[in-house]
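An overview of the molecular structure
Single-letter residue listing:
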Amino acid sequence: MTVNTKNLLRVGALAVVASLALAGCSPASSENTNSDNASANTLTVWVDAERVEALKPAAAAYTEKTGVDVDLVSKDNATLKDDFIQQVPTGKGPDITMGAHDWLGELVTNGVVSPIELGDKADDFLPVAITASTYDGQVYELPYAVENLALLRNADLVPEAASSYEDMIAKGTAAGVTYPFLVEQGVDGNPYHLYPFETSFGAPVFGTDASGGYDATKLEIGNAGGEAFASWLASQGKNGTGVFNTEITGDIAKTAFTSGDAAFWLTGPWNVSAALDAGINLAVDPIAAPSTGTAAPFAGVKGFFISEQSANKVAANDFLVNYMATEEVQTALFESGKVLPALKASVEAASSDPVVAGFAAVGAEAVPMPAIPAMGQVWQFWGIAQAAVINGEDPTVTWQKLAADVQGAIG
C-alpha cells in the first residue's frame with residue numbers, strides 16, 4: 001500500500017569516497033541543502049518529510065565515521081518517483097532515493113537504479129522484504145518497511161477470532177451490527193483488497209520463474225481457481241449475500257468501523273490509528289479464508305534505491321548496508337510511520353505491541369505485489385471485472401474476458 005541534484009565529478013569519485021571511508025577523514029561539511037551544489041564528498045538522499053528526523057542520527061553517524069556528508073532532502077511522495085526517473089539520466093538526481101518496491105520494474109527498465117550489495121545482511125531481513133526488493137535476480141532496494149492488509153476486529157463485539165470466512169460472517173451477524181464485515185471497493189472495484197480471498201482459491205496473478213520472480217509469460221489469474229473465486233465473489237455480491245458492495249468506499253468503511261457499526265474490517269496499518277483513536281477495542285487477526293488455501297495479501301515494501309548515475313555508489317552502498325540496515329535505524333523508521341519494519345530484529349522489538357504482532361503474523365503469509373511492467377496491464381482491467389461480478393454480471397464470462405483482456409494487453 002513518494003532534481004535537485006549534484007554536479008558530481010565522475011572521474012575518480014568512487015576512489016575518493018572509498019579512501020575517505022578508510023581514512024576516516026572529515027572534510028568541511030556543506031551547508032547547502034540543494035543537491036545541485038553538492039560535491040562528490042556528499043551523499044544526497046531523497047526522503048519524505050515524515051522520515052527526515054528518523055534518519056538524521058544515521059546521517060550524522062556516517063559523516064562522523066567517514067567524513068562524507070549526508071544531505072537529507074525532503075521530497076513530496078506524489079512526485080518523487082517521476083522526478084527521480086526524469087532527472088537521473090541527465091546526470092542529476094540524488095545518490096539515494098526512498099521509494100516503494102513496486103516501482104522496481106519501471107526503475108530498472110529505465111536504467112536509473114543500481115544493484116545493492118547486501119551480502120550476508122540479506123538474512124537479517126524478512127524474506128518477503130528481500131523477495132520484493134529483488135528484480136531479475138538482483139537486489140535493488142534496501143528495505144525498511146513491509147505493509148500488508150490484516151483483519152481488524154472489534155473485540156467488544158466479537159471476543160474471538162474467526163476460523164474461516166463463513167465463521168467471520170456468522171460472528172459478525174450475531175453481533176447485531178449494521179455490517180458483519182467490511183472491505184472497501186468503490187465503483188471501479190478494489191482488487192488489492194480482494195486479493196487475499198482470490199489467493200485462497202489458488203489464483204495468483206502471475207506464476208514465477210526459476211529465481212522466484214514473477215513471470216509475465218505465466219499469467220494465472222484466469223485459471224480454474226480464478227473462475228472459482230469469481231463464482232464465490234458473485235455469491236457475496238448483489239445477487240447473493242450482499243456482503244460485498246461497490247458502494248462501500250474506504251471512507252464509508254472507516255466511519256462504520258470506528259463508530260462501532262461493523263464487527264470486522266479488512267484494511268491496512270494506515271487505518272489503525274483511526275480505530276484506536278475512536279476507542280475501539282482492537283484486535284488484529286489473520287484474514288479469514290473462504291476457500292482451502294491461505295488468504296495471502298499483497299506485501300508492499302518500502303526502502304531505498306541507489307541511483308545508477310551516482311558518482312558515490314561505494315559510499316551509498318556502505319551507508320545503506322552498514323547504517324540504514326541496523327536495528328536502531330529501522331526501529332526509528334518504524335516509530336516514524338508505525339509500519340512493520342523489514343529488519344527481523346526490529347520486527348521482534350516492535351511486536352511487543354499486539355497490533356504490530358497481528359500484522360506481522362499476516363505478513364508472514366503475504367506475497368510481494370508484482371513489480372514487473374506487465375502488472376500495469378492487469379490493474380486496468382482487474383478491478384472493473386470484480387466490480388461487474390459483484391454487481392451481478394456472469395462471473396465465468398466476466399472472468400474469462402478479464403484474462404483475455406489482460407493477456408491481449410501484455411501481448
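Cut-off values and rules
- Residues numbered from 1 in each chain as written.
- Predicted model: local features only at pLDDT ≥ 70, side-chain atom pairs only at ≥ 80, totals over all residues.
- Heavy atoms only, no water.
- Phe/Tyr/Trp six-rings, centres within 6.5 Å; stacked < 30°, edge-to-face > 60°.
- Helix = DSSP H or I, 4+ residues; strand = E, 2+ residues; numbered from the N terminus.
- Buried < 20%, exposed > 50% of the residue type's maximum accessible area, 1.4 Å probe, protein only.
- Lys NZ or Arg CZ within 6 Å of the ring centre and 35° of its normal.
- Core = buried A, V, L, I, M, F, W, Y, C linked by side-chain atoms within 4.5 Å.
- Domains from an automatic or database assignment.
- Contact = heavy atoms within 4.5 Å.
- Buried area = accessible area lost by both parts, 1.4 Å probe.
- Polar contact = N/O pair within 3.5 Å; in protein donor to acceptor, adjacent residues only side chain to side chain.
- Nonpolar A, V, L, I, M, F, W, Y, C, P; charged D, E, K, R; others polar.
- Salt bridge = Lys/Arg side-chain N within 4 Å of Asp/Glu carboxyl O.
- Axes fitted to C-alpha atoms, helices over the stretch in contact; angles between N-to-C directions.
- Parallel < 35°, antiparallel > 145°, perpendicular 65-115°, else oblique.
- Left-handed = near helix turned anticlockwise from the far one by under 90°.
- Pairing = 2+ DSSP bridges.
- Right-handed = clockwise from strand over helix to strand, strands pointing away.
- Expected span 1.5 Å × (residues − 1).

A few points about the packing of aromatic side chains
- What the rule picks out here adds up to 25 aromatic pairs.
- Measuring from ring centre to ring centre gives 6.5 Å for Tyr165 and Phe244, while their planes differ by 20°; the resulting arrangement is stacked. Of this pair, Tyr165 sits in helix 6 (residues 165-174) while Phe244 sits in the loop between helix 8 (224-235) and helix 9 (250-258), and the two are 79 residues apart along the sequence.
- Exposure remark for Phe244: the relative accessible area of 2% places this residue in the buried category.
- Ring geometry for Tyr195 versus Phe298: centroids 4.0 Å apart, planes at 10°, classification stacked. Linking Tyr195 in helix 7 (residues 191-200) with Phe298 in strand 14 (residues 298-307), this pair joins segments that are 103 residues apart in sequence. With respect to class, Tyr195 is no different from Phe298; both count as buried.
- An aromatic cluster is present here, built from Tyr165, Phe181, Phe197, Phe201, Phe229, Trp232, Phe244 and Trp399 joined pairwise through their rings.
- When the ring centre of Trp46 is taken as reference, the NZ or CZ atom of Lys75 above it lies at 4.2 Å.

Details of the nonpolar core
- Core analysis: the biggest nonpolar cluster contains 78 residues, and Tyr165, Met168, Phe181, Phe197, Phe244 and Trp382 have the highest contact counts within it.
- In terms of residue count, helix 15 (residues 375-390) provides more of this core than any other element does, six residues in total.
- The residue makeup of this core includes at least three contributed by each of domain 1 (42-147 + 300-368) and domain 2 (149-298 + 371-410).
- In this structure Tyr165 touches Phe181, Phe197, Trp232, Gln236, Val243, Phe244, Ala288, Ala289 and Pro290, once residues within four positions along its chain are discounted.

Considerations on the domain arrangement of the protein chain
- Annotation of the protein chain at the domain level lists domain 1 (42-147 + 300-368) and domain 2 (149-298 + 371-410).
- Counting residues at the interface gives 17 residues for domain 1 and 23 residues for domain 2.
- Both sides together, the interface formed by domain 1 and domain 2 hides about 1,500 Å², and carbon and sulfur atoms give 73% of it.
- Area buried by domain 1 at its contact with domain 2 is led by Glu147, Phe359 and Val362, which between them contribute 37% of it.
- Linking domain 1 with domain 2 are three residue pairs in polar contact (both at pLDDT 80 or more).
- Examining the composition of the side of domain 1 that touches domain 2, we find that four residues originate from one element, helix 14 (residues 354-363), more than from any other.
- Across the side of domain 1 that touches domain 2, the residue classes tally to eight nonpolar, five polar and four charged.

Observations concerning the pattern of salt bridges
- The tally for this structure, following the rule as stated, stands at nine salt bridges.
- Glu106 is the partner of Lys81 in a salt bridge, and the nearest nitrogen-oxygen pair spans 2.9 Å. A residue pair is termed long-range when its members are at least 10 positions apart, and Lys81 in helix 3 (residues 77-87) and Glu106 in helix 4 (residues 104-109) qualify at 25 residues.
- In this structure Glu106 comes out as partly exposed when scored by relative accessible area, which is 34%.
- Across the salt bridge formed by Arg153 and Asp285, the nearest N and O atoms sit 2.6 Å from each other. Here Arg153 is found in strand 8 (residues 150-154), whereas its partner Asp285 is found in strand 13 (residues 282-285), with 132 residues between them in sequence.
- For Arg153, a relative accessible area of 7% corresponds to the buried category.

Thoughts on helix 6
- Of the positions making up helix 6, those classed as buried are Tyr165, Asp167, Met168, Ile169 and Gly172.
- On its buried side, helix 6 packs onto strand 8, strand 9 (179-182), helix 7, helix 8 and strand 12 (262-267).
- Looking one or two residues beyond helix 6, the residue adopting positive phi is Gly176, at roughly 75°.

Some remarks on the packing of helix 2 (residues 52-66) against helix 11 (residues 313-324)
- Packing of helix 2 against helix 11 leaves a shortest axis separation of 11 Å and a crossing angle of 120°. In terms of axis orientation, helix 2 runs oblique to helix 11. Viewed along their axes, helix 2 and helix 11 form a crossing whose handedness is right-handed. Together, Leu55, Ala58, Ala59, Ala61, Tyr62, Lys65 and Thr66 of helix 2 and Ala315, Asp318, Phe319, Tyr323 and Met324 of helix 11 make up the contact between the two elements.
- Of the residues that constitute the contact of helix 2 with helix 11, the class distribution is nine nonpolar, one polar and two charged.

Examining the pairing of strand 2 (residues 69-75)
- Among the seven residues of strand 2, six are classified as buried, and the element is accordingly described as predominantly covered.
- Pairing of strand 1 (residues 42-48) with strand 2 involves seven bridges; the strand directions are parallel. Residue pairing for strand 2: Thr44 is matched across the bridge by Asp71.
- Handedness of the crossover joining strand 1 and strand 2 through helix 2 is recorded here as right-handed.

Some thoughts on the environment of Pro143
- For Pro143, the position within the fold is in strand 7 (residues 142-148).
- Expressed as a C-alpha distance, the spacing of Pro143 and Ala132, which sit eleven residues apart in the sequence, is 8.8 Å.

Considerations on helix 8
- Taking 1.5 Å per residue as the helical rise, helix 8 with its twelve residues ought to reach 16 Å, and the 17 Å between its terminal C-alpha atoms agrees with that figure.
- Of the residues making up helix 8, those classed as buried are Gly225, Gly226, Phe229, Ala230, Trp232, Leu233 and Ala234.
- Elements that come into contact with the buried residues of helix 8 comprise helix 6, helix 7, helix 15 and helix 16 (395-410).

Observations regarding the pairing of strand 14
- The buried count for strand 14 comes to nine of ten residues, which makes it a mostly enclosed element.
- Taken together, the five bridges between strand 3 (residues 96-100) and strand 14 define a ladder with antiparallel strand orientation. For Met98, the partnering residue across the bridge sits in strand 14 and is Phe304.
- As paired strands, strand 4 (residues 113-114) and strand 14 are joined by two bridges and run antiparallel to one another.

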